[in-house]
Amino acid sequence: RILLATSSRHWYRYGNPAPCASLSNVSSSSKVHHERRNTHLQNRALNVATRPSDVVGNTPLIDLNRILESHGVNLSDGKRLVGKLESLGPCSSVKDRLGLSMINEAERKGLIHPSRTVLVEPTSGNTGIALAFIARERGYKCILTMPESMSIERRMMLLSLGAEVVLTPKETAVPGALAKAKEIIEGLDGNGFMLQQFENEANPKIHRETTGPEIWRDTDGLIDVFVSGCGTGGTITGVSQYIKGSPKHNCPPLKSSLTTIAVEPMEQMLITEAMGGEKKGPQGPHRIQGMGPGMVPKVLDLNLIDEVIPIHSDDATNVANELWMTGLPVGISSGAIVSAAIEYCRRPESSGKFIVCIIPSFGERYFTHPMFADIKEKAEALSKQPLPEPFDNTEYGFSTPRG
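On a predicted model such as this, the values are computed, not experimentally measured, just so you know.

1. So, helix 10 (residues 313–325)
Structurally, the α-helix is built with 3.6 residues per turn, so residues lying three or four positions apart point the same way.
Item 1. Taking 1.5 Å of rise per residue, the 13 residues of helix 10 would be expected to cover 18 Å, and the 19 Å separating its terminal C-alpha atoms lies within 8% of that figure.
Item 2. Listing the buried residues of helix 10 in full gives S313, A316, T317, V319, A320 and L323.
Item 3. Where helix 10 is buried, its residues contact helix 2 (65–70), strand 11 (307–311) and helix 11 (332–345).
Item 4. Of the residues one or two after helix 10, G327 is the one with positive phi, at around 90°.

Okay, structure coming up:
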């Protein structure tokens, strides 16, 4: 037996079984063995999920000091950077947790009912994907509004999961998608329900109950700094509440000295402004999908944030590409968050610190994003090559037998 393990899950893989023999052709002792084995398997607690939403959470941490080294960051002082791979969820993003939490809470309160309620939500994509897969799992119709700037891969994911997608002008960002969602709700004769990810308390709740405890457990309480992007604000709020403590939510302080760093697009510094800081450079549309929704979400608790680090879309793209070159396929928001972590790790105060950053989503979802423009061009320029003897390459479109 081979044991495959992570810090948060144990997976077991057994060697290939011998071909099954017909019980009519085996000895009575072998029949007894088969019967005992079947009884044993029936009585064991197998690690098998019942439905896709059952495997949400318990994502691993991965060391990212290699990326710090490539940026010339001094590691001799004992600092360590790790990323929490939310990209390994069933639908490949941190929003899997949010979608599950909001639907579970709404069901628990009797606010929604399968086959009757239509779920309507404005989303930048990943929350919509999470809602779509759980809606499909449980029998809800799902309508999602999103800015037209969201990638074609996200749209395809949503449509493949049976959701209806309504695009809104990119200039209006999430507020425009929200207005459209409200309009759709009004036309559903009371059968529509908006989960309101930017206001829903089930959003930070799931991170208080799962993400925060997982980080605390897997770092053995050594975490000093938490770096997270701000889309809805649920992740950074819930994790910080769990570790720093929140009397309102019965969370005792585990480490009140935790430094919480929020990351937002430099082209849209609304959180910085809300905390009394000054904006840098031109403000407007940005290319960091998944953060910078064009407003300060109600879910976001600004009192928990110690610092906001703005990252330009270009820098986010560059670091995301670097992460791919380490073998870690991530989206552009991961590039922004890791870029902010790198900036922090350059500072003297980072000495000896244990820094955890969120890796929100998997990179394959962004292939039509501008960050992959060069790769797309190279992929499209590839051409077939002639085969060696004894193949006759004229049969495959080449001008001569050897190509």
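Next comes the rest of the description.
2. Some thoughts on unusual backbone geometry
Item 1. A cis amide bond links E389 to the next residue, P390, at an omega of 15°.
Item 2. The backbone of D189 sits at a positive phi, close to 55°, despite the residue not being glycine.
Item 3. Mapping D189 onto the fold places it in the loop between helix 6 (173–186) and strand 8 (192–194).
Item 4. Classification of D189 by relative accessible area gives exposed; the value is 71%.

3. What to know about the packing of aromatic side chains
Item 1. The full count for this structure, using the stated rule, is three aromatic pairs.
Item 2. A ring pair is formed by W324 and F367, whose centres lie 5.9 Å apart and whose planes are at 45°; its orientation type is tilted. Of the two residues, W324 sits in helix 10 while F367 sits in the loop between strand 12 (354–359) and helix 12 (373–381), which places them 43 residues apart along the sequence.
Item 3. For W324, a relative accessible area of 22% gives the class partly exposed.
Item 4. Between F367 and F372 the ring centres are 5.0 Å apart and the planes differ by 85°, which places this aromatic pair in the edge-to-face class.
Item 5. The class of F367 is partly exposed, set by a relative accessible area of 35%.
Item 6. According to the relative accessible area criterion, F372 is buried, its value standing at 4%.

4. Some thoughts on the pattern of salt bridges
Item 1. Using the criterion set out here, one finds 23 salt bridges in the structure.
Item 2. As a salt-bridge pair, E86 and R97 come within 2.6 Å of each other at their nearest N and O atoms. Here E86, found in the loop between strand 4 (80–85) and helix 3 (95–108), pairs with R97, found in helix 3; they are 11 residues apart in sequence, far enough to count as distant. R97 shares its class with E86; the two are buried.
Item 3. When the shortest N-O distance is used, the salt bridge between E380 and K376 registers 2.7 Å. Here E380 pairs with K376, and both are found in helix 12, just four residues apart, close to one helical turn.
Item 4. On the accessibility criterion, E380 (57% relative accessible area) is exposed.

5. Observations regarding the confidence of the model for the chain
Item 1. Residues of the chain with pLDDT of at least 70 account for 89%, and the chain-wide mean is 89.
Item 2. Low pLDDT (under 50) marks residues 1–24, which in the prediction has 25 contacts with non-local residues, meaning those over four places away or in another chain.

6. Here's the deal with empty space enclosed by the protein
Item 1. With the rule as written, the count across this model stands at three cavities of 30 Å³ or more.
Item 2. The computed volume of the largest cavity comes to approximately 220 Å³.
Item 3. Forming the walls of the largest cavity are 25 residues, and the residues nearest its centre are V94, K95, G231, G290 and P360.
Item 4. Where the lining of the largest cavity is concerned, the elements lending two or more residues are helix 3, helix 7 (202–218), strand 9 (225–229), helix 8 (234–244) and helix 11.
Item 5. Split by residue class, the lining of the largest cavity holds seven nonpolar, 16 polar and two charged.
Item 6. Put simply, the second largest cavity is a space of about 40 Å³.
Item 7. C230, E264, Q268, L270, I271, G292, P293 and M295 are the residues that line the second largest cavity.

7. As for the layout of surface pockets
Item 1. Of the voids in this model, the largest pocket is the one considered here, and its volume is about 580 Å³.
Item 2. A breakdown of the residues in the lining of the largest pocket according to their chemical character gives 10 nonpolar, 17 polar and four charged.

8. A few points about the sheet that holds strand 4
Item 1. Pairing is mixed across the open sheet formed by six strands, whose spatial order is 3-4-12-9-10-11. Looking at strand neighbours, the two that pair on one side only are strand 3 (61–63) and strand 11, the edges of this open sheet. Direction aside, neighbouring strands of the sheet carry axes that sit 25° apart on average.
Item 2. Pairing geometry for strand 4 and strand 12, over six bridges, is parallel. By the bridge assignment, G83 is partnered in strand 12 with C357.
Item 3. Helix 7 rests against strand 3, strand 4, strand 9 and strand 12 of the sheet, and its axis sits at about 140° to strand 4.

9. Focus: the nonpolar core
Item 1. L64, L81, V227, V263, L323, V338 and C357 are the most contacted members of the largest nonpolar core, which has 35 residues in total.
Item 2. When contributions to this core are tallied by element, the ones reaching two or more residues are helix 2, strand 4, strand 9, strand 10 (259–265), strand 11, helix 10, helix 11 and strand 12.
Item 3. Tallying contributions element by element places helix 11 first for this core, with nine residues.
Item 4. Excluding its chain neighbours within four sequence positions, the residues that come into contact with L64 are L81, V82, G83, L323, L328, V338, C357 and I359.
Item 5. L98, L100, I134 and A163 belong to the second-largest nonpolar core, a separate cluster that totals 24 residues.

How each quantity is defined
Residue positions are given per chain, counting from 1 as you read along its sequence in written order. With the structure being a predicted model, the display of local features is reserved for residues of pLDDT at least 70 and the display and counting of side-chain atom pairs for 80 or more, all residues being used for whole-chain, interface and lining totals. Note: side-chain values were computed over all heavy atoms of the structure, leaving out hydrogens and water. Here a strand is any run of E in DSSP of at least two residues, a helix any run of H or I of at least four, and the numbering for each starts at the N terminus. Multiplying 1.5 Å by the helix residue count minus one yields the expected span of that helix. Any residue under 20% of the maximum accessible area for its type is buried, any over 50% is exposed, and the rest in between are partly exposed; the area is computed with a 1.4 Å probe on protein chains only. In what follows, a contact means two residues having at least one pair of non-hydrogen atoms within 4.5 Å. Centres within 6.5 Å make a pair out of two Phe, Tyr or Trp rings, where for Trp the six-membered ring is used; the pair is then stacked when the planes are under 30 degrees apart, edge-to-face when over 60, and tilted otherwise. The salt bridge definition used is simple: a Lys or Arg side-chain nitrogen within 4 Å of an Asp or Glu carboxyl oxygen. Per residue, pLDDT captures the predictor's confidence, and it can take any value from 0 to 100. Space inside and on the surface of the protein is sampled on a 1 Å grid over the protein atoms alone, with a cavity defined as a set of points where a 1.4 Å probe fits but cannot get out and a pocket as an open set with protein on both sides within 12 Å along at least 5 of 7 lines; lining residues have an atom within 4 Å of a point. Grid points are joined across faces, edges and corners, and a volume is the space filled by probe spheres set on the points. Residue type decides the class: Asp, Glu, Lys and Arg count as charged, Ala, Val, Leu, Ile, Met, Phe, Trp, Tyr, Cys and Pro as nonpolar, and the leftover types, Gly among them, as polar. The pairing criterion for strands is at least two bridges between them, as found by DSSP. Here the axes come from fitting lines to C-alpha atoms, over the contacting stretch only for helices, and the angles between their N-to-C directions go from 0 to 180 degrees. We call a set of buried residues a nonpolar core when its members are Ala, Val, Leu, Ile, Met, Phe, Trp, Tyr or Cys and they connect through side-chain atoms within 4.5 Å of each other.

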